[in-house]
Structures are given as C-alpha cells and as structure tokens.
Amino acid sequence: MSPYRTVFDNFAHIRRNGYYVDAAKEFLKYGGTSMNMVNFPDYFYTPDSHYEKLYRETIDVAKTVRNTGVDTVITIGPYPLDYFYFQSARKDPVDEMKRGIDMAASIITAGDADAMGEIGYPHFPVDEKVYSDSGVILEYALDVCHDHDIPLILHTEDMDEEGYLRVESIIKMHYSIDRVIKHHANATDIYFNDSITRSFVASRSNIKTAVSSGRDFLLETDYTDQKDKPGKVIPVYSVPKRAEMIKNLYENYDEIFHRIFEEVPFRIYRKEFFDR
Ligand SMILES: [Zn+2]
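Scope of this entry: the structure provided in the associated data block. The model shown is predicted, which means the values in this text are computed figures rather than measured ones.

Procedures and definitions
- Within every chain, residues take consecutive numbers counted from 1 along the sequence as written.
- Only residues with pLDDT of at least 70 get local features here, since the model is predicted, and only at 80 or more are side-chain atom pairs given and counted; chain-wide, interface and lining totals rely on the full set of residues.
- The side-chain values count all of the structure's non-hydrogen atoms but skip hydrogen atoms and water molecules.
- Secondary structure follows DSSP: runs of H or I at least 4 residues long count as helices, runs of E at least 2 residues long count as strands, and numbering of each begins at the N terminus.
- Taken over C-alpha atoms, the radius of gyration is set against a globule rule of 2.2 Å times the number of residues to the power 0.38.
- A simple rule labels every residue: compare its accessible area, found with a 1.4 Å probe on the protein chains alone, to the largest value its type can have, and call it buried under 20%, exposed over 50%, or partly exposed in between.
- The protein chains shown are the only cover counted for residues, whose accessible areas, like all others here, come from Shrake-Rupley with a 1.4 Å probe.
- Neither His nor the chain ends contribute to the count of charged residues, in which Lys and Arg are positive and Asp and Glu negative.
- Taken as the charge location is NZ of Lys, CZ of Arg, CG of Asp or CD of Glu.
- A 2.8 Å cut-off from the metal defines N, O and S donors, relaxed to 3.2 Å for Na, K and Ca; water is not in the atom list, so some sites may appear incomplete.
- Pairing between strands is defined by DSSP: at least two bridges between the two strands are required.
- By convention, orient the strands away from the viewer: a clockwise path from the first strand over the helix to the second makes the crossover right-handed.
- Any two rings among Phe, Tyr and Trp, with Trp reduced to its six-membered ring, count as a pair given centres within 6.5 Å; such a pair is stacked if its planes are under 30 degrees apart, edge-to-face if over 60, and tilted if neither.
- By definition here, charges over rings are those cases where NZ of Lys or CZ of Arg is within 6 Å of the ring centre and within 35 degrees of the ring normal.
- Orientation is described by lines fitted to C-alpha atoms, with helices fitted over the stretch in contact, and by angles between N-to-C directions that extend from 0 to 180 degrees.
- Working rule for handedness: look at the near helix, and if it is turned counterclockwise from the far one by less than a right angle, call the crossing left-handed; if clockwise, right-handed.
- Contacts between residues were defined by any pair of non-hydrogen atoms, one from each residue, lying within 4.5 Å.
- Residues are grouped as follows: Ala, Val, Leu, Ile, Met, Phe, Trp, Tyr, Cys and Pro are nonpolar; Asp, Glu, Lys and Arg are charged; all remaining types, including Gly, are polar.
- By nonpolar core is meant a set of buried Ala, Val, Leu, Ile, Met, Phe, Trp, Tyr and Cys residues that side-chain atoms within 4.5 Å join together.

## Topic: the overall build of the protein
Across its full length, the protein holds 9 helices and 8 strands. Since a compact globule built from 276 residues should have a radius of gyration of about 19 Å, the 18 Å found for the protein is in line with a globular shape. Taken along the three principal axes of its C-alpha coordinates, the protein extends 55 × 40 × 35 Å. Every one of the 276 residues in the protein was classed for burial, and the buried ones make up 58%. In the form shown here, the protein has an accessible surface area of approximately 12000 Å², with 48% of it arising from carbon and sulfur atoms. Averaging the locations of the 33 positively and 46 negatively charged side chains of the protein gives two centres separated by 5 Å.

## Points about the coordination of the zinc ion
The coordination sphere of the zinc ion, as far as protein atoms go, consists of Glu118 (OE), His155 (ND1) and His183 (NE2), spread over 1.9 to 2.1 Å. For the zinc ion, the single-chain donor residues occur in sequence as E-x36-H-x27-H. With glutamate 118 in strand β4 (residues 115-120) and histidine 183 in strand β6 (residues 180-185), this pair connects stretches of sequence that are 65 residues apart. Given the relative accessible area of 4%, glutamate 118 is considered buried. A relative accessible area of 2% means that histidine 183 is categorised as buried.

## Quick notes on the pairing of strand β3 (residues 71-76)
When a strand is regular, its side chains alternate between the sheet's two faces. Among the 6 residues of β3, 5 are classified as buried, and the element is accordingly described as predominantly covered. Across 5 bridges, the pairing between strand β2 (residues 34-38) and β3 is parallel. Its bridge partner lying in β3, methionine 37 is registered against isoleucine 74. Regarding topology, helix α2 (residues 50-67) serves as the crossover connection from β2 to the parallel β3, and that connection is right-handed. Sheet analysis places β3 next to β4, joined by 2 bridges and oriented parallel.

## Details of the packing of aromatic side chains
Aromatic rings in a pair are described by how distant their centres are and how their planes are angled relative to each other. Tallying each qualifying case throughout the model produces 14 aromatic pairs. Geometrically, the ring pair formed by tyrosine 51 and tyrosine 55 is tilted, given 5.6 Å between the ring centres and 35° between the ring planes. On the criterion of helical spacing, the pair formed by tyrosine 51 and tyrosine 55 is a turn pair, its members being 4 residues apart in helix α2. Of the two residues, tyrosine 51 and tyrosine 55, neither departs from the other in class, the shared state being buried. An aromatic cluster is built from Tyr43, Tyr51, Tyr55, Tyr85 and Phe86, whose rings are joined through pairwise contacts. One Lys or Arg, arginine 15, reaches over the ring of phenylalanine 40 and ends 4.9 Å from the middle of that ring.

## Here's the deal with the packing of α2 against helix α4 (residues 93-109)
One can describe the packing of α2 onto α4 by two numbers: an axis separation of 10 Å at closest approach and a directional angle of 35°. The two elements α2 and α4 meet at a crossing, and its hand is right-handed. In contact with Tyr51, Glu52, Tyr55 and Ile59 of α2, α4 contributes Glu96, Met97, Gly100, Ile101, Met103, Ala104 and Ile107. A breakdown of the residues in the contact of α2 with α4 according to their chemical character gives 8 nonpolar, 1 polar and 2 charged.

## Structural notes on the environment of threonine 46
Along the chain, threonine 46 turns up in the loop between β2 and α2. Separated by 180 residues in sequence, threonine 46 and glutamine 226 have C-alpha atoms that sit 21 Å apart.

## Quick notes on the nonpolar core
Core analysis: the largest hydrophobic core is formed by 88 residues, its most contacted members being Ile14, Met116, Leu152 and Leu219. In this structure, isoleucine 14 is in contact with Tyr20, Ala23, Met35, Met37, Val61, Val65, Tyr223 and Asp225, ignoring residues within four places of it in sequence.

## A short note on the sheet that holds β2
Working definition: the strands of a sheet are paired by backbone hydrogen bonds and lie parallel or antiparallel to each other. Read from one edge to the other, the open sheet built from 8 strands follows the order β1-β2-β3-β4-β5-β6-β7-β8, with strand pairing classed as parallel. Every other strand in the sheet has two partners, leaving β1 (8-12) and β8 (217-220) as the edge strands with one partner each. In this sheet, neighbouring strand axes are inclined to one another by 25° on average, regardless of whether the strands run parallel or antiparallel. Note: strand β5 (residues 152-155) against β6, 3 bridges, orientation parallel. Bridge assignment links leucine 154 to a residue of β6, and that residue is lysine 182.

Written out as structure tokens, the structure is:
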C-alpha cells in the first residue's frame, strides 16, 4: 500500500506482449496508485483497422490493469511516427491520422477513454513536408479537443525556448494551454518563458530541478513495457520510488505530492480519483 493518497505516473505504456499484469503489480508494490496509460504504437494491424484495433486493445489492457488495483487515465490517439507507417502503405498520412483523431474523440466523448495523445512532431529531424504536415495534424487535434473538451498530450522533438514558444502560440490559437501537457520534457526547460505544463521523466536530477523551480509539473516513466528492452525508458516503479526520495529530501513533501499527483493531474484530466 502507498503511504500517500495518490502516486501518479503521468505517462506509461502497458502491453499484453510486455510484462503486462506483472508490470502493473510491480508499480503497485512500490506504492504507485494511478497511471496514465497511453496506447503504444505497435503496428500489428492493417492500416485500415489500425486505430480501431489499437484503441480497443488499449482500453482492454487498461481494464485488466484496473483490476489489479491501479487507477488509470487512458490516452488514445495517433502517434507522430504513424505518418511513416501510412506513407509506406501508400495512404495519405494526414487523412488517416485525422480519422484516428476523430475516432479517438468519439471514444473519449463516450466515456471509454480520457485524453488524446501522443500528438505532435517526430522526435528526430524530418523533412519540411513531414514537419508541416505534422503541424496540420496537431492543429486539427487541438481543434477537435477544443470542441469536445478533451485533454491533449504532446509528443515533440527536444525543443529550445523558441520551439516551446512557437508550440505555445499554436496551442493558444486553437485551444486552452491548461489542457495540454508536453510529455518527456527536460527539466532544464522549466525556466523557459512559456506556460506549457511539462511532464518529466522521473530521474533524480529532473526532480531536483523541477522542485526548486516552484513551477507546476508532472512525473512520468515513459515505460514502454517491452521484454527485449526491460526497464525502458525508466522502470515502471520509478515514480513511487522518487516519491520516497521527495519525502526524504523536502520538508514540504506533502504540498509537493498534492500538487504533482493531485492538483495538476486533476486540472488536466478532471478525473475523480485524484481528489478522493
Ligand atoms: Zn512520446
């Protein structure tokens, strides 16, 4: 059992072909209580059925994870690299990914999932056409999320301050900055002059930088649950372990926990279990 009310991992993948239930149990064992489960872009399916099957699989896996006692937020949506998958299948990536956004929005609106993601740009350099098409897809997703009041998780390349400011202006043009999170952010970016909320990989140094900034943030593992790459990006138990570290390092740990595990997640996801 967790010594705290809530220990929330803001970004993890759990896969039927990975450690699956054992990963959820390990998270619980170390004191984790809830996680944002994001669909993992396995390309097992045909291009025509990709999103339908991927979303259904993610929702099914989340049910199993919930049965172990872990509360879940479920995030579904196109992943920036889906672009190349559709391109190599000779489909129009922009059309296909917009269709994936619409489908995700209707599932979320029906109450079967909670957030849209990962939306944005590939994390490695791409040609101008791919980058500008990715921008079109991001703007479309922001409009859809705006219309249906859905939180959005951003996946982008590592950005400098100018990059953050540019993405911030796109968000503000289409949606509210309060409902968007940049996942897998670097804590060194926390002093940039934009107001996008960051979710940091829960390393010791990221936490120290983030806490000392006094700004809002979230913690994540970006755990990929792949048997051939165990413990990648960082192990599934990392957020509860770092909660222990925060407790040992900071006198106001209670206030920090309330902010990063309850207040900020509730602002973004509006899920009940954060304030019980
Ligand atoms: Zn990502």
